[in-house]
Protein chains: 2
Amino acid sequence: MKAAVFGIDVGATNTVIGLVDKEGRIVSQKSIKTDKHQDITLYIEELLSVFKRLEAEYPKYSLKGIGMGAPNANYYKGTIEHAANLLWKGIIPISTLIHEKSSLPIAITNDANAAALGEQLFGGAQGVDDFIEITLGTGLGSGVVINGKLLYGSTGFAGELGHLNLIRNGRVCGCGKKGCVETYVSATGICRTFLELLATETLPSSLRSLGSSEITSKKIYEAAQEGDTLAQKAFALTARYLGEMLADYVSFTSPKAIFLFGGLLNAGEFFLTPVREAFEESCMQVFKGTVSVQSSHLDAASAAILGASALIWKELEK
Amino acid sequence: MKAAVFGIDVGATNTVIGLVDKEGRIVSQKSIKTDKHQDITLYIEELLSVFKRLEAEYPKYSLKGIGMGAPNANYYKGTIEHAANLLWKGIIPISTLIHEKSSLPIAITNDANAAALGEQLFGGAQGVDDFIEITLGTGLGSGVVINGKLLYGSTGFAGELGHLNLIRNGRVCGCGKKGCVETYVSATGICRTFLELLATETLPSSLRSLGSSEITSKKIYEAAQEGDTLAQKAFALTARYLGEMLADYVSFTSPKAIFLFGGLLNAGEFFLTPVREAFEESCMQVFKGTVSVQSSHLDAASAAILGASALIWKELEK
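Residues numbered from 1 in each chain as written. Chains lettered and ligands numbered in written order. Predicted model: local features only at pLDDT ≥ 70, side-chain atom pairs only at ≥ 80, totals over all residues. Heavy atoms only, no water.

Enquirer: Describe the overall build of chain A, naming the residues involved and giving the relevant values.
Expert: Within chain A one finds eight helices and 13 strands. Taken over the C-alpha trace, chain A has a radius of gyration of 20 Å; the compact-globule value for 318 residues is 20 Å, and the two agree within 12%. Each principal axis of the C-alpha atoms in chain A carries an extent, and together these give about 60 × 45 × 35 Å. Residue pairs at least 24 apart in sequence account for 61% of intrachain contacts in chain A once pairs closer than 6 positions are excluded. As presented, chain A carries roughly 12700 Å² of accessible surface, and 51% of it is formed by carbon and sulfur atoms. With 29 positive and 33 negative side-chain charges, chain A shows a spacing of 3 Å between the two charge centroids. (Helix = DSSP H or I, 4+ residues; strand = E, 2+ residues; numbered from the N terminus. Rg over C-alpha atoms; globule rule 2.2 N^0.38 Å. Contact = heavy atoms within 4.5 Å. Areas by Shrake-Rupley, 256 points an atom, 1.4 Å probe, with all protein chains shown as cover. Lys, Arg positive; Asp, Glu negative; His and termini not counted. Charge placed at Lys NZ, Arg CZ, Asp CG, Glu CD.)

Structure follows, in structure tokens:
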């Protein structure tokens, strides 16, 4: 028998369940609709039936535990709390609910923390004790690792780096505050920057004919590649904002590396090089040259599952 | 024989050496001039002669170690590195130099980290595993404690919270960057805010007749107490800046408490109440009500010595 765990990524639309071994190989994966069940108990029943099918299909694997990455997950309490994008409102004791039915050890954390653990166990942060993982999606998520351990803080919600202030009294953020870095640096943030440039600049752009809701970070990248100056400016500004903010993160925890993950990284060095430039320029003297800023080594398609499985593999080691 | 340590506070002008017992009692303290010796070996000779005098005067105490708080101190390396306010330039291996002569265990850290350890061992943070100590002096120093341990990061210089950005492209900072929070929130920062108000407001103020270099945080406080509206505005702005920044710190490490130390706290609730208001207002929903913001419980006169002694007491426990 070979040891394996279930790594589960709970998204607003889909929940993906992977059977993952200790080397980070995803032996098999299945998915169910997260938003099919308003009732959490029905959702968990369906989840359990997937567990059974995977166990039946892979009898050579002995299941050791369940790791879950979910929005607004509280590691300490095993709960999902007030997740804006999920149908289940209030505080959902999802760990307890699943454990009661499966009797497997279970651990839960938010998606960005899971990504950090995936990076540590299977990605670029292997052997790195102090690093920060930044996920650039709709928002800016983060997982902070200090002395080899994920930072949870006194509430379990530490590491909300997307909500550090970039510009005082700046853009309205979904969290209710103003000027949070994620309103500038994220797939959504770069679109807002582009909209701002449409207003402040008179340069032509192939994207001026698009409705503002049709503008995406991917389209901005493609336009930039084709020489669209306005789109290039949006990328340059986003890279600068991120580089400056990373310098603040470094003043806080002095990590050895920062890993960037998410769609914006598809732009590769076109994005990374100016991020690194702005970062080194903005760093305090004492930190210059001490931090490696790089793309996540995790594959975009499997990162969430690997991260969730890394969480439970690490728990089982304790 | 009763166990004791030397707690040493290295300031630009004076070095204070305390004989401190395990309960945080300063049995005796002496001081020497830091800036008398350009040559570090002569400074250490004088330091050693003070050790001998204290040992001779208090024969009932058995010396266990030396804790030192110094500007730009590197805990990992036992060095003082490029300290702008000290005569010794470059990298000074002060721990090694002292240890060679005294053969006592020695540990060194910067002043704000020492204050945090003092708070943890002898002050308000006893039994608190996650907290941040903020020292408001010429600058804004900080010590960050996570899971009971001081945060040093990969370089040993983590926790430079005074150099997180408050206002993008804001005031020039001594560190070479712009808009660092310490240029707004510190004894110096409030004076700069007051100068700014002298320019932007037309309100009368008893301090308008002073040369700008004569303005001090103490005079601003006294004027505010006497009803000077401009001085009150400077305090209100400083409190707001600090409260907003604390909210960012909390998004990062989610501490249970924040302790504020330094001259500005002499203003008591006149300063603390608006800090707390701005802080709670600026906190992310998930952190509201989870953090206690309070004055340090350490006595201003002895905090540095106690902090330095706490450092070595904690090392000896390891």
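Enquirer: Could you give an account of the relation of the copies chain A and chain B, naming the residues involved and the relevant values?
Expert: You can overlay chain A on chain B at an RMSD of 0.0 Å; the transform is a turn of 180 degrees with a shift of 0.0 Å along its axis. The transformation relating the two chain copies, once decomposed into turn and shift, fits a two-fold axis. By C-alpha distance to the rotation axis, the residue of chain A lying nearest is Ile167(A), at 3.4 Å. Both copies contact each other with a shared surface, as 100% of the interface residues of chain A are interface residues in chain B too. (Least-squares fit on C-alpha atoms with pLDDT ≥ 70 in both.)

Enquirer: Lay out the sheet that holds strand β9 (residues 131–136) of chain A with the relevant residues and their values.
Expert: Pairing is mixed in the open sheet, where five strands are placed in the order β11-β10-β9-β12-β13 (chain A). Unpaired on one side and paired on the other, β11 (149–150) and β13 (292–295) of chain A mark the two borders of the sheet. (Pairing = 2+ DSSP bridges.)

Enquirer: Requested: an account of the environment of Arg276(A), with residues and values cited.
Expert: Residue and element names in this part refer to chain A. Turning to its location among the elements, Arg276 is positioned in helix α7 (residues 269–282). For the pair formed by Arg276 and Ala239, sequence separation is 37 residues and the distance between their alpha carbons is 8.3 Å. Non-local contacts of Arg276, meaning those with residues more than four positions away in its chain, are made with Glu269, Val293 and Gln294. One polar contact links Arg276 to Glu269, side chain to side chain, over a distance of 3.1 Å. (Polar contact = N/O pair within 3.5 Å; in protein donor to acceptor, adjacent residues only side chain to side chain.)

Enquirer: Outline the pairing of β9(A), supporting the account with residue identities and numerical values.
Expert: All names here are of chain A. Among the six residues in β9, six count as buried, and that is most of the element. What you see with β9 is no split at all: Phe131, Glu133 and Thr135 on one side and Ile132, Ile134 and Leu136 on the other are buried throughout. Alignment of β9 against strand β10 (residues 140–146), held across six bridges, turns out to be antiparallel. Residue Phe131 lies in a different strand from β10, and its bridge partner there is Val145. In this structure, the hairpin formed by β9 and β10 is closed by a connection of three residues. As defined by bridge partners, β9 adjoins strand β12 (residues 257–261) across five bridges and the pair is classed as parallel. Paired with Thr135 across the strands is Phe261, a residue of β12. (Buried < 20%, exposed > 50% of the residue type's maximum accessible area, 1.4 Å probe, protein only.)

Enquirer: Give me the interface of chain A and chain B: which residues, what numbers.
Expert: At the interface, 39 residues of chain A touch 39 residues of chain B. Summed over both sides, the interface of chain A with chain B buries roughly 3300 Å², with 61% coming from carbon and sulfur. The three residues of chain A that bury the most area against chain B are Arg168(A), Phe252(A) and Met284(A), which together make up 24% of that side's buried surface. Scanning the region where chain A abuts chain B turns up four salt bridges. For the salt bridge of Lys177(B) with Asp248(A), the shortest nitrogen-to-oxygen distance reads 3.8 Å. When contributions to the side of chain A that touches chain B are tallied by element, the ones reaching two or more residues are β10 and α6 (229–253) of chain A. (Buried area = accessible area lost by both parts, 1.4 Å probe. Salt bridge = Lys/Arg side-chain N within 4 Å of Asp/Glu carboxyl O.)

Enquirer: Pulling in residues and values, what's your account of the sheet that holds strand β2 (residues 14–21) of chain B?
Expert: All names here are of chain B. Pairing is mixed in the open sheet, where five strands are placed in the order β3-β2-β1-β4-β8. The open sheet is flanked by β3 (26–33) and β8 (106–109), the only strands paired with a single partner. This sheet shows a mean twist of 20 degrees between the axes of neighbouring strands, independent of strand direction. Bridge analysis of strand β1 (residues 2–10) against β2 gives seven bridges, and the strand direction is antiparallel. By the bridge assignment for β2, Ile8 is matched with Ile17. (Axes fitted to C-alpha atoms, helices over the stretch in contact; angles between N-to-C directions.)

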